[in-house]
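Topology and contacts: notes
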Amino acid sequence: MLPVVICISLVGLTIGRPSLNYLENRFGEENESEEVRSEAIKRLLEVFGMEDPPAALARGHKQPPQYMLDLYNTIADVDGVTKDPTLLEGNTVRSFFDKLHSDQVEFRFNLSTVAKSEKILTAELHLFKLRPQASLTFNRHHFCQVNVYQILDSSKMNVSQGKKLLSSRLVPIHSSGWEVFTITQAVRSWMSDEGSNLGLLVTVRSLAGIQMDLKTVRFASGRDHHHSKQPMLVLFTDDGRRATSQEGSLKGTDESAAVSSLPFPSPPRPSAGRRNARSTDYDDGGEMPCQRLPLYVDFEEIGWSGWIVSPRGYNAYHCKGSCPFPLGQNMRPTNHATVQSIINALKLTKGIETPCCVPDKLFSINLLYFDDDENVVLKQYDDMVAGSCGCH
């Protein structure tokens, strides 16, 4: 019996061992699959205006500024789709924290991540004003004048030649909270000449023009106060990507109303399991009329969850279905599609196909993310969501 057992074992080993051709084919398929994925990610980055994805952060302690979170929630819904295209000036908002951490009220921001091609629309300095110390609350003054200067010469900051006034206004002495100053002129000059960025100087004077003690009117610094109160520069820019799109027809209108009138319902965000099941619903050859179907883009599956704050993904939707003759108004056909459908039905010209089911309204989405310098950026991307479908 022993020889029989050995023979069977050898046969088993022979059958179980993968052939050289099999290994080569499998290795080739894996390489090809990796190349396809790499090319797909590269193309997706181009859609988002990037050459490389920002480095993923171990962000256990890194929190986005509350201002940027609030701004995102104001202009975007839970999936990142723009609520109203008119709310945002330009298509990019960048936030920067002070890098100087000075004892004095001086600030400097590193703008190296801003592309030269970006158009600076508005620049704001956000300072958190602290309450006066208890021992100084008896101060008889109710207002002070806060001046923000661009530093032209760091050795002559005490004279007018060494600084340039950018913004000046009255601030209640006994108040606390965020104060915002417009400093667009300075940032534009820094973008044209990087070496001129010597920072900003803030002075506080009484209404009589007398320099006030910094203990009376205090602003939070990046060194001594909570990160949620750090001095911050906010830039509203346009990176030039915005082209004429179908969404332009919604400018000046309530986009939320446009979304609610879509001919096809927007189903809830599907889970991964449901997405796979739904994708095979119409693979049996049965024709369905042109309609909008879910197409969920999951940033975690792509490998981008390490640097994107919000959203975690979004429903891009896709259009699928036939455009049979005659085209009803529910198919949202163009005049051209109607004529093409007639020519196809009457077989007046060879090779004329039926119209195609394609998006006829597109919406923008918004991305809130950390860049390579750990600055938080909000960007709006046009034509990313199929709002409705039609026969074209």
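Predicted model only: the values in this text are computed from it and were never measured. Residue numbers run consecutively from 1 along every chain, following the written order of its sequence. Owing to the predicted nature of the model, reporting of local features is limited to residues with pLDDT of at least 70; listing and counting of side-chain atom pairs is limited to 80 or more, with chain, interface and lining totals taken over all residues. No hydrogens and no water enter the side-chain calculation; it runs on all heavy atoms of the structure.

Before going further, it helps to examine the overall build of the chain. Summing up its helical and strand segments, the chain has eight helices and 16 strands in all. Three labels apply to residues, based on accessible area from a 1.4 Å probe with only protein chains included: buried if under 20% of the type maximum, exposed if over 50%, partly exposed otherwise in between. The proportion of buried residues among the 392 residues of the chain is 42%. Under the scheme used here, helices are H or I runs from DSSP no shorter than 4 residues and strands are E runs no shorter than 2 residues, and both carry numbers assigned from the N terminus.

It is worth spelling out the environment of Leu367 at this point. Note on placement: Leu367 falls in strand β15 (residues 357-370). Residue contacts are counted whenever heavy atoms from the two residues lie within 4.5 Å of one another. Once residues lying within four places of it in the same chain are set aside, the contact partners of Leu367 are Phe48, Phe299, Ile308, Ser310, Pro311, Val377, Leu378, Lys379 and Tyr381.

On to the state of the cysteines, then. Cysteine sulfur atoms are paired as a disulfide whenever they come within 2.5 Å of each other. A complete count under the given rule lists three disulfides for this structure. Two residues share a disulfide in this structure: Cys290 and Cys357, whose sulfurs sit 2.1 Å from each other. Because the torsion about its S-S bond is 75°, the bridge between Cys290 and Cys357 counts as right-handed. Note that Cys290 is positioned in the loop between α6 (272-278) and β10 (291-293) and Cys357 in strand β15, a separation of 67 residues in sequence. Summarising the burial analysis for this pair, Cys290 and Cys357 share the class buried. With a sulfur-sulfur separation of 2.0 Å, Cys319 is cross-linked through a disulfide to Cys389. Taking the torsion about the S-S bond as the criterion, the Cys319 to Cys389 disulfide, at about -80°, is left-handed. Taken together, the positions of Cys319 in strand β14 (residues 318-320) and Cys389 in strand β16 (residues 376-391) put the pair 70 residues apart, joining distant regions of the chain.

By convention, a stacked pair of Phe, Tyr or Trp rings (six-membered ring in the case of Trp) has centres within 6.5 Å and planes under 30 degrees apart, an edge-to-face pair has planes over 60 apart, and any other such pair is tilted. Taken as a whole, this structure holds eight aromatic pairs when the rule is applied. Their ring planes at 75° and their centres at 6.2 Å tell us that Phe48 and Phe299 sit as a pair that is edge-to-face. A residue pair is termed long-range when its members are at least 10 positions apart, and Phe48 in the loop between α2 (20-47) and α3 (66-75) and Phe299 in helix α7 (residues 299-302) qualify at 251 residues. The pair formed by Phe48 and Phe299 is uniform in burial state, with each residue classed as buried. Ring geometry for Phe128 and Trp178: centres 5.5 Å apart, planes at 80°, overall edge-to-face. Placement of Phe128 in strand β3 (residues 119-130) and of Trp178 in strand β6 (residues 177-182) is noted, with a sequence separation of 50 residues between them. An aromatic cluster is present here, built from Phe48, Phe299, Trp304, Trp307, Tyr314, Tyr369 and Tyr381 joined pairwise through their rings. Its guanidinium or amino end placed over the ring of Phe181, Arg169 lies 4.6 Å from that ring's centre, counting from NZ or CZ. Over a ring means this: the NZ of a Lys or the CZ of an Arg is within 6 Å of the ring centre and within 35 degrees of the ring normal. Positioned above the aromatic ring of Tyr317, the side-chain terminus of Arg292 is 3.8 Å from the ring centre.

Further remarks concern the confidence of the model for the chain. Confidence per residue, as judged by the predictor, is encoded in pLDDT with a range of 0 to 100. Chain-level pLDDT for the chain is 78 on average; 75% of the residues reach the 70-or-more range. Contacts for the low-pLDDT stretch residues 244-285, under 50 throughout, to residues beyond four places or in other chains number 59 contacts.

Moving on, we get to the sheet that holds strand β7 (residues 200-205). For two strands to be treated as a pair, DSSP must find no fewer than two bridges joining them. Reading across the sheet, the four strands line up as β2-β7-β4-β5 and stay open at both edges, with antiparallel pairing between neighbours. Taken across any chain shown, the strands that pair with only one partner, and hence form the sheet edges, are β2 (106-107) and β5 (163-172). Bridge count for strand β4 (residues 143-151) against β5 is nine bridges, and the pairing is antiparallel. Looking at β5, one finds that Val146 is bridged to Arg169.

What follows covers the pattern of salt bridges. Oppositely charged side chains can pair when the atoms bearing their charge come close. Salt bridge criterion: a side-chain nitrogen from Lys or Arg within 4 Å of a carboxyl oxygen from Asp or Glu. Under the criterion given, the structure shown has five salt bridges. Between Glu179 and Arg169 there is a salt bridge, and its shortest N-O distance comes to 2.9 Å. Of this pair, Glu179 sits in strand β6 while Arg169 sits in strand β5, and the two are 10 residues apart along the sequence. By relative accessible area, which is 29% here, Arg169 ends up partly exposed. As a salt-bridge pair, Asp239 and Lys379 come within 2.7 Å of each other at their nearest N and O atoms.

Attention shifts here to the pairing of β3. When you tally the buried positions in β3, you get 10 out of 12 residues, the bulk of the element. Where β3 meets strand β9 (residues 232-238), seven bridges bridge the pair, whose relative direction is antiparallel. Residue His126 lies in a different strand from β9, and its bridge partner there is Met232. Two strands pair when backbone bridges link them, and β3 and β6 are joined in this way by six bridges, in the antiparallel orientation. Note on β6: the bridge partner recorded for Lys129 is Gly177.

Most peptide bonds are trans, and most residues other than glycine sit at a negative phi. With an omega dihedral of 0°, the bond running from Ser310 to Pro311 counts as a cis peptide bond. The linkage connecting Phe325 with the following residue, Pro326, adopts the cis geometry, with an omega of -5°. With respect to the element layout, Pro326 can be found in the loop between β14 and α8 (335-346). A positive phi angle, near 55°, is found at Lys347, a position not held by glycine. Secondary-structure assignment places Lys347 in the loop between α8 and β15. Although it is not a glycine, Glu374 adopts a positive phi angle of roughly 65°. Tracing the chain through its elements places Glu374 in the loop between β15 and β16.

Restricting attention to buried positions, one finds in α3 the residues Met68, Leu71, Tyr72 and Ile75. Angularly, the buried residues of α3 cover 100° about the axis, an arc narrow enough to put them on a single face. The inward-facing, buried residues of α3 abut β1 (92-97), β9, β12 (308-310), β15 and β16. This arc is built from the directions going out from the helix axis to the C-beta atoms.

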